[in-house]
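# Coordinate analysis (summary)
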Amino acid sequence: GAVVSQHPSRVICKSGTSVKIECRSLDFQATTMFWYRQFPKQSLMLMATSNEGSKATYEQGVEKDKFLINHASLTLSTLTVTSAHPEDSSFYICSASPSGAGGRYNEQFFGPGTRLTVL
Amino acid sequence: DAKTTQPPSMDCAEGRAANLPCNHSTISGNEYVYWYRQIHSQGPQYIIHGLKNNETNEMASLIITEDRKSSTLILPHATLRDTAVYYCIVRVPGNTPLVFGKGTRLSVIA
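What counts, and at which threshold
Residues numbered from 1 in each chain as written. Chains lettered and ligands numbered in written order. Predicted model: local features only at pLDDT ≥ 70, side-chain atom pairs only at ≥ 80, totals over all residues. Heavy atoms only, no water. Pairing = 2+ DSSP bridges. Helix = DSSP H or I, 4+ residues; strand = E, 2+ residues; numbered from the N terminus. Axes fitted to C-alpha atoms, helices over the stretch in contact; angles between N-to-C directions. Contact = heavy atoms within 4.5 Å. Buried area = accessible area lost by both parts, 1.4 Å probe. Salt bridge = Lys/Arg side-chain N within 4 Å of Asp/Glu carboxyl O. Polar contact = N/O pair within 3.5 Å; in protein donor to acceptor, adjacent residues only side chain to side chain. Phe/Tyr/Trp six-rings, centres within 6.5 Å; stacked < 30°, edge-to-face > 60°. Buried < 20%, exposed > 50% of the residue type's maximum accessible area, 1.4 Å probe, protein only. Lys NZ or Arg CZ within 6 Å of the ring centre and 35° of its normal.

### Points about the sheet that holds strand 3 (residues 32–38) of chain B
Residues and elements named next belong to chain B. Strand order in this open sheet of five strands is 1-9-8-3-4, and the pairing throughout is mixed. Looking at which strands have only one partner, the edges of the open sheet turn out to be strand 1 (9–13) and strand 4 (45–50). Between one strand and the next, the sheet's axes are offset by a mean angle of 25°, whatever the strand orientation. Across seven bridges, the pairing between strand 3 and strand 8 (residues 84–91) is antiparallel. Looking across to strand 8, one finds that Tyr-36 is bridged to Tyr-87.

Structure below.
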């Protein structure tokens, strides 16, 4: 249980195009999901907090107009990288905690990541 | 910023116990200690968490000092598949993000 999936796992796109990455909690509901990115040989950096039914909260230095986040349901959040450029090439990872108290509420589960390469 | 300090790397012989230390001297009373690991090119994997008591599960044991300023993750019988970057994170449970530091790169050697 407590599985988070991401799609696609890898994407290569041309500079200037937009790319959408999906994050799904497969067997639990999550009112909050988180988006991270990871550059080679570096740690994960939090980009934004995705809240179901409301606007995302972005970390300082993350452009909200460039990284569009939509959390349309309790099991799906999407990250759209708009007008992607080579410097946006990175490993994007989402995570989620099961809603509600008790059980695995204290844990946070990660997706397998999406590797974006912008040419 | 991460509130934990970990050694950048460690080696462990296959079959031996791997003891990974973590300092979190500024931990607050309501913050838990979490351990995750990340195998190359994968998402982080939850290992274990605790507040003040020692914890054990099928993957590892977590030993937290009485003053809660440090902890040790123990993998009792390390295998080659345990080679990964291990992250120690302090966090209030719930809908709060995990803030990752640099972690410890554990290499299990045959």
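From this point, the discussion proceeds with the structure in view.
### Things to note about unusual backbone geometry
Residue and element names in this part refer to chain A. His-7 connects to Pro-8 through a cis peptide bond whose omega is 0°. The topology assignment puts Pro-8 in the loop between strand 1 (4–7) and strand 2 (10–13). Of note, Ser-83 is a non-glycine position whose phi angle comes to about 45°, a positive value. Relative to the assigned elements, Ser-83 resides in the loop between strand 8 (76–81) and strand 9 (90–96).

### Structural notes on the interface of chain A and chain B
With 19 residues of chain A at the contact, the number on the chain B side is 20 residues. Interface of chain A and chain B: buried area, both sides summed, is about 1600 Å²; carbon and sulfur atoms make up 52% of it. There are zero salt bridges connecting chain A and chain B. At the junction of chain A with chain B, the criterion picks out six residue pairs in polar contact (both at pLDDT 80 or more). Where the side of chain A that touches chain B is concerned, the elements lending two or more residues are strand 4 (32–38) and strand 9 of chain A.

### Quick word on the packing of aromatic side chains
Using the criterion set out here, one finds nine aromatic pairs over all chains in the structure. Ring geometry for A:Phe110 against B:Tyr36: centres 5.5 Å apart, planes inclined by 80°, an arrangement best described as edge-to-face. Pair noted here: A:Phe110 is in strand 10 (residues 109–110) and B:Tyr36 is in strand 3, and the two residues belong to different chains. Like B:Tyr36, A:Phe110 is buried. An aromatic cluster is built from A:Tyr36, A:Phe110, B:Tyr36, B:Tyr46, B:Tyr87 and B:Phe100, whose rings are joined through pairwise contacts. Lying over the aromatic face of B:Tyr34, B:Arg91 brings its terminal NZ or CZ to 5.1 Å of the ring centre.

### Some points on the side chain of A:Thr32
Within the element layout of this structure, A:Thr32 appears in strand 4. Residue classification places A:Thr32 among the buried residues on the basis of a relative accessible area of 6%. Look past the residues within four positions of A:Thr32 in its chain and what remains in contact with it is A:Thr49, A:Ser50, A:Asn51, A:His71, A:Ala96, A:Ser97 and B:Asn95.

### With respect to the pattern of salt bridges
Side chains that differ in sign of charge can pair as their charged atoms come close. All names here are of chain B. What the rule picks out here adds up to four salt bridges over all chains. Glu-31 is the salt-bridge partner of Lys-3, the closest N and O atoms lying 2.9 Å from each other. Linking Lys-3 in the segment before strand 1 with Glu-31 in the loop between strand 2 (18–23) and strand 3, this pair joins segments that are 28 residues apart in sequence. Exposure remark for Lys-3: the relative accessible area of 32% places this residue in the partly exposed category. Residue Glu-31 is classed as buried on the basis of its relative accessible area, which comes to 10%.

All we've got here are geometric facts, nothing functional implied.
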